[in-house]
Amino acid sequence: MKVKRVLKFYFCADRLEVRLNNLILKRALSSKNSYNAEACADDLIKLIEAKRELSNLYAFLNGVLKNFSCEEVKVLKFYAAMRKGLSTVSEPVKRQIRRVTVKFTRKCNSVELRFSTALKLVGEYYCLT
């Protein structure tokens, strides 16, 4: 599990939902004739299923993060938004990020087993976040 990717998914889930809704709408409106209706229906089912899987993952992560303090959530949000590595921040900030991310990964120890499909989808739709 790539912690930074999962955190970015969690903090950008509202944008991802809007973009998935737009993809669903675009695909639904693209089936103007009956020749490609079955293919469009299959694509719609895949997109809706992906949205459901990601929603379940988000609910799990939300349950995990509600036990964190406000300061710890801010640190995780900062880490998720970072574009460069930890070498660009000061040593105290680096230690704080590591401490909180280790705490997060320990709380999410069953996420890979329970949400393996959703984690693959996070990687697939990562460019939309």
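Below or above, wherever it landed, is the structure these notes cover.

## Here we look at the packing of aromatic side chains
Thought 1: Counting across every chain of the model gives four aromatic pairs.
Thought 2: Their ring planes at 80° and their centres at 5.1 Å tell us that Tyr10 and Phe11 sit as a pair that is edge-to-face.
Thought 3: With a centroid separation of 5.2 Å and an interplanar angle of 45°, the aromatic rings of Phe60 and Phe115 are classed as tilted. Taken together, the positions of Phe60 in helix α3 (residues 37-65) and Phe115 in the loop between α6 (111-114) and α7 (116-124) put the pair 55 residues apart, joining distant regions of the chain. With respect to class, Phe60 is no different from Phe115; both count as buried.
Thought 4: One aromatic cluster in this structure is built from Tyr10, Phe11 and Tyr58.
Thought 5: Cation over ring: Lys4 sits above Tyr79, and NZ or CZ is 5.3 Å from the ring centre.
Thought 6: Against the face of Tyr126 rests Arg5, its NZ or CZ located 4.2 Å from the ring centre.

## Topic: the layout of surface pockets
Thought 1: One number sums up the size of the largest pocket: a volume of about 220 Å³.
Thought 2: For the lining of the largest pocket, the residue count by class is nine nonpolar, one polar and three charged.

## A short note on the state of the cysteines
Thought 1: With the rule as written, the count across this model stands at zero disulfides.
Thought 2: Here Cys108 stays free of any disulfide, with the sulfur of Cys12 as its closest cysteine sulfur at 17 Å.

## Concerning the environment of Leu61
Thought 1: You can see Leu61 is positioned in helix α3.
Thought 2: Remark: the alpha-carbon pair of Leu61 and Leu7, spanning 54 residues in sequence, is separated by 8.8 Å.
Thought 3: Apart from the residues lying within four places of it in its own chain, the contact partners of Leu61 are Val6, Phe9, Tyr10, Phe104 and Cys108.

## Focus: the environment of Tyr125
Thought 1: In this structure, Tyr125 sits in the segment after α7.
Thought 2: Given a relative accessible area of 12%, Tyr125 falls into the buried group.
Thought 3: Between the C-alpha atoms of Tyr125 and Ala50, which are 75 residues apart in sequence, the distance is 9.5 Å.
Thought 4: Excluding its chain neighbours within four sequence positions, the residues that come into contact with Tyr125 are Leu16, Leu20, Leu47, Ala50 and Leu54.

## Section: the environment of Ser55
Thought 1: Looking at the secondary structure, you find Ser55 in helix α3.
Thought 2: Spatially, the C-alpha atom of Ser55 lies 8.8 Å from that of Ala118, the residues being 63 residues apart in sequence.

## Some thoughts on the packing of helix α1 (residues 3-11) against helix α2 (residues 13-29)
Thought 1: Here α1 crosses α2 at 70°, and the two axes come no closer than 5 Å. Here α1 lies roughly perpendicular to α2, going by the angle between them. Counting all contacts with α1, which are made through Phe9, Tyr10 and Phe11, the residues of α2 involved are Ala13, Asp14 and Leu16.
Thought 2: Looking at side-chain class alone, the contact of α1 with α2 contains five nonpolar, no polar and one charged residues.

Conventions used here
- Starting afresh in each chain, residues are numbered from 1 along the sequence in its written order.
- Only residues with pLDDT of 70 or above have their local features reported here, since the model is predicted, and side-chain atom pairs are shown and tallied only from 80 upward, although totals for entire chains, interfaces and linings are computed over all residues.
- No hydrogens and no water enter the side-chain calculation; it runs on all heavy atoms of the structure.
- Whether two aromatic rings pair depends on their centres lying within 6.5 Å, for rings of Phe, Tyr and Trp, where Trp uses its six-membered ring; planes under 30 degrees apart make the pair stacked, over 60 edge-to-face, and the rest tilted.
- A run of DSSP states H or I qualifies as a helix once it reaches four residues; a run of E qualifies as a strand once it reaches two. Both are numbered from the N-terminal end.
- Residue burial is assigned from relative accessible area. The probe radius is 1.4 Å, only protein chains are included, and a residue is buried under 20% of its type maximum, exposed over 50%, and partly exposed in between.
- When the NZ atom of lysine or the CZ atom of arginine is within 6 Å of a ring's centre and also within 35 degrees of its normal, the charge is said to sit over that ring.
- Put simply, the grid is 1 Å and covers the protein atoms alone, a cavity is a trapped set of points that fit a 1.4 Å probe, a pocket is an open set with protein on both sides within 12 Å along at least five of seven lines, and lining residues have an atom within 4 Å of a point.
- Grid points are joined across faces, edges and corners, and a volume is the space filled by probe spheres set on the points.
- Charged residues are taken to be Asp, Glu, Lys and Arg, nonpolar residues to be Ala, Val, Leu, Ile, Met, Phe, Trp, Tyr, Cys and Pro, and polar residues to be all remaining types, Gly included.
- In this description, a disulfide is simply a cysteine sulfur pair whose atoms lie within 2.5 Å.
- Residue contacts are counted whenever heavy atoms from the two residues lie within 4.5 Å of one another.
- Note on method: axes are straight lines fitted to C-alpha atoms, helices fitted across the in-contact stretch only, with angles between N-to-C directions ranging 0 to 180 degrees.
- Oblique is the label for any angle not covered by the other classes, which are roughly parallel (under 35 degrees), roughly antiparallel (over 145) and roughly perpendicular (65 to 115).

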